[in-house]
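Residue-level structure breakdown
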Amino acid sequence: MSDSIERAVDALENFIREDISADTPVPLHEPSFEGNEWKYLKDCLDSGWVSSIGSYVDQLEKETAEVCGTKYGIATVNGVSALHAALIGVGTQANDIVICPALTFIATANAISYCGAVPLFADSENVTFGLDPDKLEQFLKEECVHHSKGLVHRQSGRRIAAIAVVHVFGHPARMDELLSIAQQYLIPVVEDAAEALGSHYKERPCGGLSQVGVISFNGNKTITTGGGGLISTNDEVMARRLKHLTTTARTGQGWNFDHDKVGFNYRMPNLNAALGCAQLEMLPEFIERKRRLAKCYRDLFKDVDDVSFVSEQNWARSNYWLCAIRVPDIATRDYFLQLSNHKKLLTRPCWHLIPETNAYQNSLKIDNLSVAKHLAETLINIPSSPILSVAMDKH
Ligand SMILES: *Cc1c(COP(=O)(O)O)cnc(C)c1O
């Protein structure tokens, strides 16, 4: 084992360090500002519209929705606030259950908690790393009952309000299967496409595959607004409601205004949106570079024992937000992480399963989460910044 891992890390180092000196740390994902960022930011400052109103917000909403294949976008201060609002949008209430994967970034579960609801953690599937449709269906069939208030989890007595589906590392989950199960049980689906801007599921863009989707523009995502998020939907009523909810639920006109419910100040500032508009222009270029990087990595590890590169399915087109490799076990993983981080290649394990964090101990779970657990122990993310293609092009 150790021989092949040493060879794999050496290969990674030689490839990445073509253009980057040995003492420079190589982060997992750093943003690139190569387009109109300065121009739009300056324009924003010159105009004086830096805050909660401005044309860049409208533009970012419109153009990101287009990338998601939807009619409406609502820009927010970050991805988790977009998720929070989206969950409320599909009717999540205090004490409900929202089903979500155990293997995802903690924000997915936190947004559920912000609603006063509880997450019920479900297992992943071994190929896409998304929710396992078969296990989900079995759970709904065997452990839930129909009730006048909706589908109810027998053991806890809680209503199942929604299913949050995540596209892990930008790889689309099995949406057709998941949506058909959800529809059968009349449960709305919130698509956590935080990592999947520009990814496609069977030719259709992620973020627009269910009633409501969510994008993140955090600094480590494919494109960034510094911090930011977006809700994407084709549902006009939903769009209007969520715009209202995320902008302090203000009613009335001019000086004569009121607030008709407890809303949130989740609106993205114009300054961040200006950055986002410039970044969005670069999105096709970034995705092309990331896909080329993925291809190089695939070749690099092709003949290395114990290491396999994680590729998209033939029905998917991934944005390869974070490239990943898989190794046989946790000892191999830790050896790879240790060697590569020693060389200042800032590789990283996948997330801890959320129900294993202190924040979510004793949570509800669907069975033993065996696949998610194994994935968490054997996945490694490797440097995936769009800038890495600069070195790559010289190979
Ligand atoms: C990044 C991310 C989020 C949240 O985004 P923030 O902008 O950091 O709040 C939510 N879900 C997943 C799966 C993410 O990767």
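We now turn to the structure provided with this report. (Residues numbered from 1 in each chain as written. Predicted model: local features only at pLDDT ≥ 70, side-chain atom pairs only at ≥ 80, totals over all residues. Heavy atoms only, no water.)

Observations concerning the sheet that holds strand S15 (residues 316–317)
Strand order across the open sheet formed by 3 strands is S9-S8-S15, with antiparallel pairing between neighbours. Both outer strands of the open sheet, strand S9 (204–205) and S15, are each paired with one neighbouring strand and no more. For strand S8 (residues 200–201) and S9, the ladder comprises 2 bridges, and the chain directions are antiparallel. Along S9, the bridge assignment pairs Tyr201 with Arg204. (Pairing = 2+ DSSP bridges. Helix = DSSP H or I, 4+ residues; strand = E, 2+ residues; numbered from the N terminus.)

Comments concerning the pattern of salt bridges
In the structure shown here, the tally under the stated rule is 18 salt bridges. For Lys343, the salt bridge is made with Glu13, and the minimal N-O distance between the two is 3.2 Å. Separated by 330 residues along the polypeptide, Lys343 in the loop between helix H10 (330–342) and strand S17 (348–349) and Glu13 in helix H1 (residues 2–16) bring together distant segments of the chain. Given the relative accessible area of 24%, Lys343 is considered partly exposed. Here Arg289 and Glu285 are joined by a salt bridge, their closest N and O atoms 2.7 Å apart. Taken as a pair, Arg289 and Glu285 lie in helix H9 (residues 270–300) at a separation of 4 residues, close to a single helical turn. Residue classification places Arg289 among the buried residues on the basis of a relative accessible area of 8%. Bridged by salt links that share partners, the residues Asp10, Glu13 and Lys343 form one connected network. (Salt bridge = Lys/Arg side-chain N within 4 Å of Asp/Glu carboxyl O. Buried < 20%, exposed > 50% of the residue type's maximum accessible area, 1.4 Å probe, protein only.)

Details of the packing of helix H3 (residues 55–68) against H9
With their axes 8 Å apart at the nearest point, H3 and H9 run at an angle of 35 degrees to one another. Here H3 and H9 pass one another in a crossing that is left-handed. Contacts between H3 and H9 involve Ser55, Tyr56, Val57, Gln59, Leu60, Glu63, Thr64 and Val67 on the former and, on the latter, Asn270, Ala273, Ala274, Gly276, Cys277, Leu280 and Leu283. In the contact of H3 with H9, the residues fall into 9 nonpolar, 5 polar and 1 charged. (Axes fitted to C-alpha atoms, helices over the stretch in contact; angles between N-to-C directions. Left-handed = near helix turned anticlockwise from the far one by under 90°. Contact = heavy atoms within 4.5 Å. Nonpolar A, V, L, I, M, F, W, Y, C, P; charged D, E, K, R; others polar.)

Quick look at the sheet that holds S17
Read across the sheet, 4 strands follow the order S14-S16-S19-S17 without closing on themselves; strand pairing throughout is antiparallel. Because the sheet does not close on itself, it has two edges, and the strands there are strand S14 (308–309) and S17. Pairing between S17 and strand S19 (residues 379–382): 2 bridges, direction antiparallel. By the bridge assignment, Pro349 is partnered in S19 with Ile380. Along the sheet, helix H11 (residues 370–378) makes contact with strand S16 (323–326) and S19, crossing S19 at roughly 45 degrees.

Digging into helix H8 (residues 236–246)
Residues Met238, Ala239, Leu242, His244, Leu245 and Thr246 constitute the buried set of H8. Elements in contact with the buried residues of H8: strand S1 (72–76), helix H4 (79–89), strand S10 (212–216), strand S11 (229–233) and strand S12 (250–253). The opening residue of H8 is Asp235, an N-cap whose side-chain oxygen sits 3.1 Å from the backbone nitrogen of Val237. (Polar contact = N/O pair within 3.5 Å; in protein donor to acceptor, adjacent residues only side chain to side chain.)

Observations regarding the pairing of strand S7 (residues 189–192)
Of the two faces of S7, the one lined by Val189 and Glu191 and the one lined by Val190 and Asp192 are each fully buried. Relative to S7, strand S6 (residues 160–166) runs parallel, the two sharing 4 bridges. Residue Val165 lies in a different strand from S7, and its bridge partner there is Glu191. This β-α-β element, S6 to helix H7 (residues 175–184) to S7, shows right-handed connectivity. As paired strands, S7 and S10 are joined by 3 bridges and run parallel to one another. Opposite Glu191, over in S10, you have Gly213 as the bridge partner. (Right-handed = clockwise from strand over helix to strand, strands pointing away.)

Observations regarding the packing of aromatic side chains
Within the structure shown, the criterion is met by 10 aromatic pairs. Connected via pairs of aromatic rings, a cluster forms that spans Phe15, Tyr297, Phe301, Phe309 and Tyr320. Seen from the ring of Phe257, Arg250 lies directly overhead, with NZ or CZ sitting 3.8 Å from the centre. (Phe/Tyr/Trp six-rings, centres within 6.5 Å; stacked < 30°, edge-to-face > 60°. Lys NZ or Arg CZ within 6 Å of the ring centre and 35° of its normal.)

Looking at the environment of His147
Structurally, the position occupied by His147 is in strand S4 (residues 144–147). Assessed through its relative accessible area of 44%, His147 is described here as partly exposed. Reaching out from His147, the side chain makes a polar contact with the backbone nitrogen of Lys149 at a distance of 3.1 Å.

Side note on the site of the ligand
The local shell around the ligand holds 15 residues, among which Gly79, Asp192, Glu195, Ser216 and Lys221 are the closest. Between Asp192 and the ligand, the recorded distance is 2.8 Å, taken from a side-chain N or O atom to a nitrogen atom. Secondary-structure elements contributing two or more residues to the shell around the ligand are H4 and helix H5 (106–114). Looking at the shell around the ligand residue by residue, the class counts come to 5 nonpolar, 7 polar and 3 charged. (Near = heavy atom within 4 Å.)

As for a negative patch on the surface
A cluster of acidic side chains, namely Asp303, Asp305, Asp306 and Asp329, defines a negative patch on the protein surface. On the basis of relative accessibility, which here comes to 31%, the residue Asp306 falls in the partly exposed class. (Patch = residues over 30% accessible without salt bridge, like charges linked within 9 Å, V, L, I, M, F, W, Y side chains within 5 Å. Areas by Shrake-Rupley, 256 points an atom, 1.4 Å probe, with all protein chains shown as cover. Lys, Arg positive; Asp, Glu negative; His and termini not counted. Charge placed at Lys NZ, Arg CZ, Asp CG, Glu CD.)

What to know about the nonpolar core
In a soluble, globular protein the nonpolar side chains are often hidden away together inside. Within the largest apolar cluster, 50 residues are counted, with the highest numbers of intra-cluster contacts made by Ile99, Leu140 and Ile163. Only helix H2 (37–47), H3, strand S2 (97–101), strand S3 (118–122), helix H6 (133–143), S6, H7 and H9 provide two or more residues apiece to this core. Here this core takes 9 residues from H9, the largest share from any one element. Not counting chain neighbours up to four residues away, the residues in contact with Leu140 comprise Ile99, Leu151, Ile181, Tyr185 and Ile187. In this structure, Ala86, Ala109, Ile112 and Phe169 belong to the second largest nonpolar core, which totals 49 residues. (Core = buried A, V, L, I, M, F, W, Y, C linked by side-chain atoms within 4.5 Å.)

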